[in-house]
Amino acid sequence: MKSLADNVLYPFGPIAAASVAVVIVTFNSADALPALLDSLVDGLEGVDRFEVIVVDNDSKDGSAEIAQQHPLRPTVIQTGRNAGYAAAINIASRKANVGAHLLILNPDLRLYPGAVKPLVEEVATSKAGVVVPLNYKEDGSIDPTLRREPSIITAWADSILGGKLAARLGLGEIVGEVGQYDRRRSVQWATGSALLVSSEVRKIVGAWDESFFLYSEEVDYQRRIREAGYDIVYEPRSKVVHACGGSGTGPRLFALLTANRIRYYRRHHGALRTSVFKLGVAIGHAARSWRGASHRAALVSALVPIRSVAAFLESTRG
């Protein structure tokens, strides 16, 4: 591993402006985290100064200890509870240098060499508030992380056609047409696996909405960025590998994803439009309920709103 002394901004060092503050939120991420941390030095090649902040949401598998022992010597913050993704990002943002761009990474990522520099160049030369990289899956195929704003059309297209077909036809929420990933372009939003948030936007848009806990928080945040007059930009010169398992899977998380989709839509639309959107989501999960518990749980959450995320997660534990 190359020397880090000239690059890393340690919390006890001089108060100099960091180019990038890397933020990693961990929750039982021990299997994936070392590979990400190992990839950061080459991934940050060309970035003058950086700091690494790991916020651990009460992992039970030693994630925090792995981060503490890594040669990068990241700042490790242990929340002592599962605070949620948005809350952990806000904690890291308050700790980070105020002049830094915030690079938010899922723990199940690995950066290609030089992956970060194109993101930083984009925010420096355009009106981009967030820049996102090209994500590859482990098998080398493109992970379609670009998205359209949730709408009645996307909800019903995903419901009737299925997410994969709707994506390929350009009708669903997922931007699935392969050609859309060939060039730099503005998008409506992208999944939160890897996002560079400009230092300017951090100051203007403020904190992430912690009420979402997990899922749809990045949709909400990127909408607020667009409303503030900034762009969400996809930059394929920047490349990462995404193992797609950082936050886990299962019926209760699928139910939470569904509930937050509906809650986000309701926040920006009237009761009638929300009812039509919600019906499309519910019908899609009802039609696929035979596939397993995840669709059945999502159907229930679409019909019966989740009032308290904490209570929901506790009631479905196990």
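Just above sits the structure.
Remember, predicted model here, so these are calculated numbers, not experimental data. (Residues numbered from 1 in each chain as written. Predicted model: local features only at pLDDT ≥ 70, side-chain atom pairs only at ≥ 80, totals over all residues. Heavy atoms only, no water.)

Peer 1: Any details on the overall build of the protein chain? Residues and values, ideally.
Peer 2: Across its full length, the protein chain carries twelve helices and eleven strands. Per-residue burial for the protein chain yields a buried fraction of 53% across its 318 residues. The contacts in the protein chain between residues at least 6 apart in sequence include a share of 77% that link residues at least 24 apart. For the protein chain, the accessible surface area stands at approximately 14,000 Å², while carbon and sulfur atoms represent 55% of it. (Helix = DSSP H or I, 4+ residues; strand = E, 2+ residues; numbered from the N terminus. Buried < 20%, exposed > 50% of the residue type's maximum accessible area, 1.4 Å probe, protein only. Contact = heavy atoms within 4.5 Å. Areas by Shrake-Rupley, 256 points an atom, 1.4 Å probe, with all protein chains shown as cover.)

Peer 1: Describe the pairing of strand E6 (residues 128-136), and please don't skip the residues or the numbers.
Peer 2: Most of E6 is tucked away: nine of the nine residues are buried. Relative to strand E11 (residues 231-242), E6 runs parallel, the two being bridged by eight bridges. Opposite Val131, over in E11, you have Val233 as the bridge partner. Sheet analysis places E6 next to strand E10 (residues 194-197), joined by two bridges and oriented antiparallel. (Pairing = 2+ DSSP bridges.)

Peer 1: Describe helix H4 (residues 117-125), naming the residues involved and giving the relevant values.
Peer 2: Pro118, Leu119, Val120, Glu122 and Val123 are the residues of H4 that are buried. Where H4 is buried, its residues contact strand E1 (20-26), strand E4 (101-105), E6, E10 and E11.

Peer 1: Tell me about a positive patch on the surface, and name the residues and values.
Peer 2: A cluster of basic residues, Lys137, Lys164, Arg168 and Arg291, forms a positive patch on the protein surface. In this fold, Lys137 is placed in the loop between E6 and strand E7 (146-147). Here Lys137 falls in the partly exposed class, since its relative accessible area comes to 33%. (Patch = residues over 30% accessible without salt bridge, like charges linked within 9 Å, V, L, I, M, F, W, Y side chains within 5 Å. Salt bridge = Lys/Arg side-chain N within 4 Å of Asp/Glu carboxyl O. Lys, Arg positive; Asp, Glu negative; His and termini not counted. Charge placed at Lys NZ, Arg CZ, Asp CG, Glu CD.)

Peer 1: Lay out the pattern of salt bridges in plain terms, naming residues and giving numbers.
Peer 2: Inspection of every chain in the model, using the stated rule, returns 13 salt bridges. Residues Arg110 and Glu138 are paired through a salt bridge, measuring 3.1 Å at the closest nitrogen-oxygen approach. Of the two residues, Arg110 sits in strand E5 (residues 109-111) while Glu138 sits in the loop between E6 and E7, which places them 28 residues apart along the sequence. For Arg110, a relative accessible area of 31% corresponds to the partly exposed category. Residue class for Glu138 comes out exposed when judged on its relative accessible area of 51%.

Peer 1: How would you explain the nonpolar core if you had to name every residue and give the values?
Peer 2: The tendency in soluble globular proteins is for nonpolar side chains to be buried side by side. Membership of the largest hydrophobic core comes to 38 residues, with the highest contact counts inside it found for Leu102, Ile104, Leu146 and Ile225. In this view, Leu146 contacts Val132, Glu173, Ile174, Val175, Gln180, Tyr181, Arg185, Val187, Trp189, Ala190 and Tyr234; residues no more than four positions away in its chain are not counted. In this structure, Phe50, Ala115, Leu119 and Val233 belong to the second largest nonpolar core, which totals 32 residues. (Core = buried A, V, L, I, M, F, W, Y, C linked by side-chain atoms within 4.5 Å.)

Peer 1: Quick one: what's the story with the pairing of strand E3 (residues 75-78), residue by residue and with numbers?
Peer 2: Bridge analysis of strand E2 (residues 50-56) against E3 gives four bridges, and the strand direction is parallel. When the bridges of E3 are listed, Val55 appears paired with Ile77. Assessed by its sense of winding, the connection that carries the chain from E2 through helix H2 (residues 63-69) to E3 is right-handed. (Right-handed = clockwise from strand over helix to strand, strands pointing away.)

Peer 1: Any details on the environment of Val276? Residues and values, ideally.
Peer 2: If you trace the backbone, Val276 turns up in helix H10 (residues 271-287). According to the relative accessible area criterion, Val276 is partly exposed, its value standing at 32%. It is 8.9 Å that separates the C-alpha atoms of Val276 and Trp156, two residues lying 120 residues apart in sequence. When neighbours within four sequence positions are excluded, Val276 is seen to be in contact with Ile152 and Trp156.

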